Amino acid sequence: TPGGQSPSYMSFKSRLQHTTNPVNKRLLEIMIKKESNLCVAVDKIKSADVLDLVEKVGKSVAVVKLHSDIVQDWSKQTQDELMRMSKENDFLLFEDRKLADIGNTVKHQSASISEWADLLTVHGLPGPGLLQGVKDGCMSTGKTLGVLLVAEMSNAGNLFTSEFTQAVVNMGEKEEWAHTLSGFIAQSRVSQKPGMLQLTPGVHMAEASDKGDQRYTSPLQAVTEKGADLVIVGRGICADDSPGLKAEEYRQEAWKAYISTIQE
């Protein structure tokens, strides 16, 4: 990092100069323009509900995170509508599929996901062959996917160890993946490379847990203590009666937290 400075204290403008990843370039530009480091997790199971929610939160978000495989009536039309909205309101589409298979399988999976999504999560467990699989899958469609490696999880009882997290980060930071890897899903600043982005899930303004295995953290804590570049908010926005207003509230909170960290 420049002058030994952690990305935690750098502005997104400065970090834009350090990224060679095309998806990150676009994402950082959106974040700067919209003053948003908010990613909304839309976990609805009907296309109409997904589209309705995305329509409401689109203006405030930099990224919309989806699980297309839980949407019972997902179709080409759903994809096209989401792509239209993402262009209209300037945000990226993120398929949170967490692929974890051999390279050849991942190649086919990522080829179909790249038809509509900009970002994709994968697990590091299978090793570099999986990243090569995504790269090959994108080459076959001519599309670009920014890969996010899951380095840490926010739920209680997960089996991630610090050694595994470090191994995943070391693998992802290798120069050969600079155009493939956008960054990491993590609960702490796992990478000091300013071109890599960190997305932190489990963010909620009011709750400490969901009465299940999810443990929540506030937008301020996520950014200032955990090093989040983007905060991932699900039920805190989606379960609210006014998701559009709530998304704007989270955007302001998370952006204010980011501004407070800049030391340049």
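Preceding this paragraph is the structure being described.
Just so you know, these numbers come straight off a predicted model, no measurement behind them. All residue numbers refer to position in the chain's written sequence, counted from 1. Local features in a predicted model are, by the rule used here, given only for residues with pLDDT of at least 70; side-chain atom pairs are given and counted only at 80 or more, and totals for whole chains, interfaces and linings are based on all residues. To obtain the side-chain values, all non-hydrogen atoms of the structure were used and water was disregarded.

The secondary structure listing takes helices from DSSP runs of H or I that are at least 4 residues long and strands from runs of E that are at least 2 residues long, numbered from the N terminus. Assigned secondary structure in the protein chain consists of ten helices and eight strands. Put simply, the radius of gyration uses C-alpha atoms, and a globule should come to 2.2 Å times the residue count raised to 0.38. Against the compact-globule benchmark of 18 Å for 264 residues, the protein chain has a radius of gyration of 17 Å, which places it among compact chains. The dimensions of the protein chain, computed from C-alpha atoms along their principal axes, are 45 × 45 × 35 Å. We call a residue buried when its accessible area falls under 20% of the maximum for its residue type, exposed when it is over 50%, and partly exposed in between, using a 1.4 Å probe and counting protein chains only. Here the protein chain, with 264 residues, has 53% of them falling under the buried criterion. For the protein chain, the proportion of contacts with a sequence separation of at least 24, taken over those separated by at least 6, is 71%. Only the protein chains shown count as cover for residues, with accessible areas throughout obtained via the Shrake-Rupley method and a probe of 1.4 Å. Within the structure as shown, the protein chain displays about 11600 Å² of accessible surface, and the carbon and sulfur contribution to it stands at 51%. For the protein chain, the centre of its 29 positive side-chain charges and the centre of its 34 negative side-chain charges are spaced 2 Å apart. In what follows, residue pairs with any heavy atoms lying within 4.5 Å of each other are defined as contacts. Positive residues here are Lys and Arg, negative ones are Asp and Glu, while His and the chain termini are left out of the count. The atom standing in for a charge is NZ when the residue is Lys, CZ when it is Arg, CG when it is Asp and CD when it is Glu.

Looking now at the packing of aromatic side chains. For Phe, Tyr and Trp, rings pair up if their centres lie within 6.5 Å, where Trp contributes its six-membered ring, and each pair is then called stacked (planes under 30 degrees apart), edge-to-face (over 60) or tilted (otherwise). A full pass over the atoms with the stated rule returns five aromatic pairs. Arranged with centres 5.4 Å apart and planes meeting at 70 degrees, the rings of Phe160 and Phe164 form a pair that is edge-to-face. Taking the relative accessible area as the measure of exposure, Phe160 reaches 22% and is therefore partly exposed. Ring plane angle 55 degrees and centroid distance 4.6 Å describe the contact between Trp255 and Tyr258, whose orientation is recorded as tilted. In this pair, Trp255 and Tyr258 are both assigned in helix H10 (residues 243-261), three residues apart and thus about one turn of the helix distant. By the burial criterion, Trp255 is buried, and Tyr258 matches it.

Next up on the list: the nonpolar core. In these notes, a set of buried Ala, Val, Leu, Ile, Met, Phe, Trp, Tyr and Cys residues joined through side-chain atoms within 4.5 Å is what counts as a nonpolar core. Counting 76 residues, the largest nonpolar core has Leu27, Leu38, Val63, Phe94, Val122, Phe184 and Val231 as its most contacted members. It is H10 that provides the largest number of residues to this core, a total of six residues. The contact partners of Leu27, leaving out residues within four places of it in the chain, are Ala62, Val63, Leu92, Leu119, Leu197 and Leu230.

The buried count for strand S1 (residues 38-42) comes to five of five residues, which makes it a mostly enclosed element. Both S1 and strand S8 (residues 230-233) contribute to a ladder of three bridges, which runs parallel. When the bridges of S8 are listed, Val40 appears paired with Val233. Here, strands pair whenever DSSP counts at least two bridges between them. With four bridges joining them, S1 and strand S2 (residues 63-66) adopt parallel strand pairing. Bridged to Ala41 within S2 is Lys65. The β-α-β motif built from S1, the intervening helix H3 (residues 47-57) and the parallel element S2 has right-handed crossover chirality. Handedness is read with the strands pointing away from the viewer; a crossover is right-handed when the path from the first strand over the helix to the second is clockwise.

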